[in-house]
Amino acid sequence: MGGKFYPVKGYIDFLKAASSDIESFWAREASKLEWFKHWDRVLEWEEPFAKWFAGGMLNASYLCVDKHLYSWHKNKVALYWEDEEGHTKALSYFQLYREVNRFASMLRNLGVNKGDRVVLYMPMIPELPIAMLASARIGAIHTVVFSGFSSQALADRINDTSAEILITADFGKRRGRLIPLKEIVDETLKLAPTIKKVVVIRRTKEAINIEDGRDFMYHELIKDAENYVEPEPLESCHPLYILYTSGTTGKPKGVMHSTGGYLVYNYATYKWVFDISDESIHWCTADVGWVTGHSSIVYAPLLHGATVLMFEGTPDYPDPGVWWRIIEKYGVTIFYTSPTAIRMLMRYGEEWLKNYDLSSLKILGSVGEPINPEVWRWYYKNVGGERCPIVDTWWQTETGGIMISPAPGMELIPLKPGSVTLPLPGIDAEVVDEEGKPVSAGIKGYLVIRKPWPGMLMGLYRDPERYREVYWSRFKGMYYTGDYAMKDEEGYFWIFGRADEVIKVAGHRLGTAEIESAVVSAPFVAEAAVIGKPDPIKGEVIVVFVILKEGHKPGDELRGEIIRHVREHIGPIATPDEVHFVAKLPKTRSGKIMRRLLKAVIMDKPIGDITTLEDEASIEEVKSVYEEFKHIMKSRL
Ligand code: PRX
């Protein structure tokens, strides 16, 4: 691809044409996949519910695996896996096919049927994509729960799906420690009674608790599995998976993705954005537990017959050169990571990169949070050797695939560090004001999508009203993303982060309400308010303001208890950075906590309009508590 950037030429005209007739545009893309039965209608649109490729039948597992058996792909590596201790595995497409079939047969033997939910609470091991593809093969709906979540968060997600089967491993591994996943599952199941059967993948010889009749060992069950299970022809709108994500209330949202639309969308966008081919070695550093992992580790690269690299580890363990070593070792061509990871590695310095040959890289990606221009430049220069375009990809769990991004697989337009550039073809994105009217160039507003697209969520599991309410009621006829954005004079998009009560910690999406309810469940807490505070590495960190119940004394002991509580309820990713004790929280007259004011105080910004504030003394108290905190922090330096 070289290092040249071409002028925008007819690209913008092409984008306009694509989004003016979305049905023929997406039908052309859909015909690139193999369908068991052709669709009857490209789109049935009853706002806000879309049925893409209605009447069509296909199967995700067939497309990601079986299809590759009929070409030279059969004996190429589908999946390389490595862990932080340097253990490795490699599976050819044929071997992946074998494993997926046997796993699917095991699920059948356990009584799993089409439409049943299968909860996957697993570390980053090859069995996770295998379990996803096996579920998809028989039409079961997988719901992966990130293995960094702890028991309460896992229980909430299980209870929403009322799943009966859960797959886990005895342990996860992180920075040389074992994470006791099975033990967390045992705790969880006290709160999630629908689960009848648990399959455990053994990775260690450590003792674990086994409950007879409920817990089964994978290596034993798989002995009775068949080598082949017919891939179930599924309706295009059959749900492929449910993935929970945080919203503005404490209850996570079960984002439901279709089979046909989701696969078509990911197949198309992965070609445009990453120029993926069967020669690509693709490494996305996300965990499979997030949407990035679903689309970018499993479905999109495998649809394309690429080689996927899966790494169970962190960027700086055993040392900050580990990622560069892996790129060199496998000859990675596409590297896709988060701004948090790049900021962290940037802090360790270029020295760590110098020992490694990164010349195999062709395209670099960034996702999950805004990337600062200086971090972008560092990535471009030091990792990409000023040869590789950076695709800063904007998307969400709900969008299923990349929506706004450079698309060097199609046309390499000039890049601007910090901008996600232009919407992909067929995507009608706009920035609007409070009334839903497009704002002029350079003005900040809300990012919306004005036409349906195949990767869009079908809805929220068992909650169509909440789906309508959250995404389609704010602006008439438009999908509300929840993000602030701006377009510049050339139509390039700049994303400024969330406009709602969602925060992004190291690129992980967390709801303030979810963290607040974890804090409030501590028996000595009366009320809590959570906000995100900008952080130079993680993007944002969590700050908690707490009102204690009478008779409890603020201090380090309770601060530690609160932190422990949040870690136990949600997981280590939600660990608060700061906990402050106050007697009152700033609220409106109707009792809503004004987090905006708390945020202004900790960021030392003007607090703005306080006409709706019930009691001005509350904000004065927050100010003085925070001043004292800053003073103490300074004195510790
Ligand atoms: O705020 C945006 C931010 O991440 C949110 C979606 O989070 P999640 O559903 O966890 O999916 C993340 C990975 C697809 C968005 O609403 N976001 C995502 N990508 C970018 C981004 N912010 C700025 N630039 C991006 N490239």
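About the criteria used
- Residues numbered from 1 in each chain as written.
- Predicted model: local features only at pLDDT ≥ 70, side-chain atom pairs only at ≥ 80, totals over all residues.
- Heavy atoms only, no water.
- Pairing = 2+ DSSP bridges.
- Helix = DSSP H or I, 4+ residues; strand = E, 2+ residues; numbered from the N terminus.
- Axes fitted to C-alpha atoms, helices over the stretch in contact; angles between N-to-C directions.
- Parallel < 35°, antiparallel > 145°, perpendicular 65-115°, else oblique.
- Left-handed = near helix turned anticlockwise from the far one by under 90°.
- Contact = heavy atoms within 4.5 Å.
- Nonpolar A, V, L, I, M, F, W, Y, C, P; charged D, E, K, R; others polar.
- Near = heavy atom within 4 Å.
- Polar contact = N/O pair within 3.5 Å; in protein donor to acceptor, adjacent residues only side chain to side chain.
- Areas by Shrake-Rupley, 256 points an atom, 1.4 Å probe, with all protein chains shown as cover.
- Salt bridge = Lys/Arg side-chain N within 4 Å of Asp/Glu carboxyl O.
- Buried < 20%, exposed > 50% of the residue type's maximum accessible area, 1.4 Å probe, protein only.
- Domains from an automatic or database assignment.
- Buried area = accessible area lost by both parts, 1.4 Å probe.

Peer 1: Quick question: what am I supposed to make of the sheet that holds strand β18 (residues 334-337) here?
Peer 2: In a beta sheet, neighbouring strands are held together by backbone hydrogen bonds and run either parallel or antiparallel to one another. Across the sheet, 7 strands lie side by side as β5-β4-β17-β16-β18-β19-β20; this open sheet has mixed pairing. Bordering the open sheet on either side are β5 (88-92) and β20 (390-393), each of which pairs with just one other strand. When strand polarity is set aside, the average angle formed by the axes of neighbouring strands in this sheet is 15 degrees. Sheet analysis places strand β19 (residues 363-367) next to β20, joined by 4 bridges and oriented parallel. When the bridges of β20 are listed, Ser366 appears paired with Asp392.

Peer 1: I keep staring at the packing of helix α4 (residues 93-109) against helix α5 (residues 127-138) and nothing clicks. Help me out?
Peer 2: Two quantities define a packed helix pair, namely the angle between the axes and the distance from one axis to the other. Contact pair α4 / α5: the axes reach a minimum separation of 8 Å and the direction vectors enclose 60 degrees. With respect to α5, the element α4 is oriented oblique. In this structure, the crossing between α4 and α5 has a hand that is right-handed. The segment α4 lies against α5, with Leu96, Tyr97, Glu99, Val100, Asn101, Phe103, Ala104, Leu107 and Arg108 engaging Glu127, Ile130, Ala131, Leu133, Ala134, Ser135, Arg137 and Ile138. When grouped by side-chain class, the residues that make up the contact of α4 with α5 number 11 nonpolar, 2 polar and 4 charged.

Peer 1: Would you take a moment to explain the site of the ligand for this structure?
Peer 2: Around the ligand, a shell composed of 18 residues is seen, among which Asp392, Thr393, Thr397, Arg498 and Arg509 lie nearest. Gly368 is positioned such that a nitrogen or oxygen atom in its backbone is 3.1 Å from a nitrogen atom of the ligand. Separating an oxygen atom of the ligand from a side-chain N or O atom of Asp483 is a distance of 2.8 Å. Considering the ligand on its own, with 540 Å² of exposed area, one finds that the protein chains cover 96% of that surface. At the level of secondary structure, the elements contributing two or more residues to the shell around the ligand comprise α10 (291-303), β20 and β25 (493-498). When its residues are assigned to classes, the shell around the ligand shows 7 nonpolar, 5 polar and 6 charged.

Peer 1: Is there a simple way to think about the sheet that holds strand β22 (residues 445-449) in this case?
Peer 2: An order of β21-β22-β24-β25 is seen for the 4 strands of this open sheet, with the pairing classed as antiparallel. On the outer flanks of this sheet lie β21 (429-432) and β25, each paired with one strand and no other. Going across the sheet, the axis of each strand differs from the next one's by a mean of 45 degrees, ignoring polarity. Pairing geometry for strand β24 (residues 479-487) and β25, over 5 bridges, is antiparallel. Bridge pairing links Ala485 to Ile495 in β25.

Peer 1: How should the environment of Tyr121 be read in this particular structure?
Peer 2: Here Tyr121 shows up in strand β6 (residues 117-121). With 48 residues separating them in the primary sequence, Tyr121 and Ala169 have C-alpha atoms 7.8 Å apart. Every residue in contact with Tyr121, bar those within four places of it in the chain, is listed here: Val145, Phe146, Ser147, Phe149, Ser150, Leu154, Ile167, Thr168, Ala169, Leu181, Ile184 and Val185.

Peer 1: Any chance you could explain the pattern of salt bridges here in plain terms?
Peer 2: Two side chains that carry opposite charge are able to pair once their charged atoms sit near each other. Applying the stated criterion to the full structure yields 45 salt bridges. The salt bridge partner of Arg202 is Asp170, with a shortest N-O separation of 3.1 Å. Here Asp170 lies in the loop between β8 (165-169) and β9 (172-174) and Arg202 lies in the loop between β11 (197-201) and β12 (215-217), a separation of 32 residues in the sequence. Exposure remark for Asp170: the relative accessible area of 1% places this residue in the buried category. The shortest N-O distance in the salt bridge between Glu398 and Lys253 comes to 3.8 Å. Taken together, the residues Glu398 in the loop between β20 and β21 and Lys253 in strand β15 (residues 253-258) connect sequence positions 145 residues apart. Look at Glu398 and you get buried, because its relative accessible area is 1%. According to the relative accessible area criterion, Lys253 is buried, its value standing at 4%. By sharing partners, the salt bridges in this structure join Lys182, Asp186, Glu211, Arg214 and Asp215 into a single network.

Peer 1: Honestly, the domain arrangement of the protein chain in this entry has me stumped. Any pointers?
Peer 2: How big an interface is tends to be reported as the loss of accessible area on association of its parts. In terms of domains, the protein chain is made up of domain 1 (8-486) and domain 2 (501-636). Relative placement of domain 1 and domain 2: their C-alpha centres are 32 Å apart. Domain 1 puts 26 residues into the contact, and the matching count from domain 2 is 22 residues. Both faces considered, domain 1 and domain 2 share a buried interface measuring about 1,800 Å² in area, 51% of it formed by carbon and sulfur atoms. Put simply, domain 1 and domain 2 have 2 salt bridges between them. For the salt bridge of Arg157 with Glu514, the shortest nitrogen-to-oxygen distance reads 3.2 Å. Put simply, the parts of the chain that give the side of domain 1 that touches domain 2 at least two residues each are α6 (151-161) and α12 (339-348). Here the residues of the side of domain 1 that touches domain 2 are counted per class, giving 6 nonpolar, 14 polar and 6 charged.

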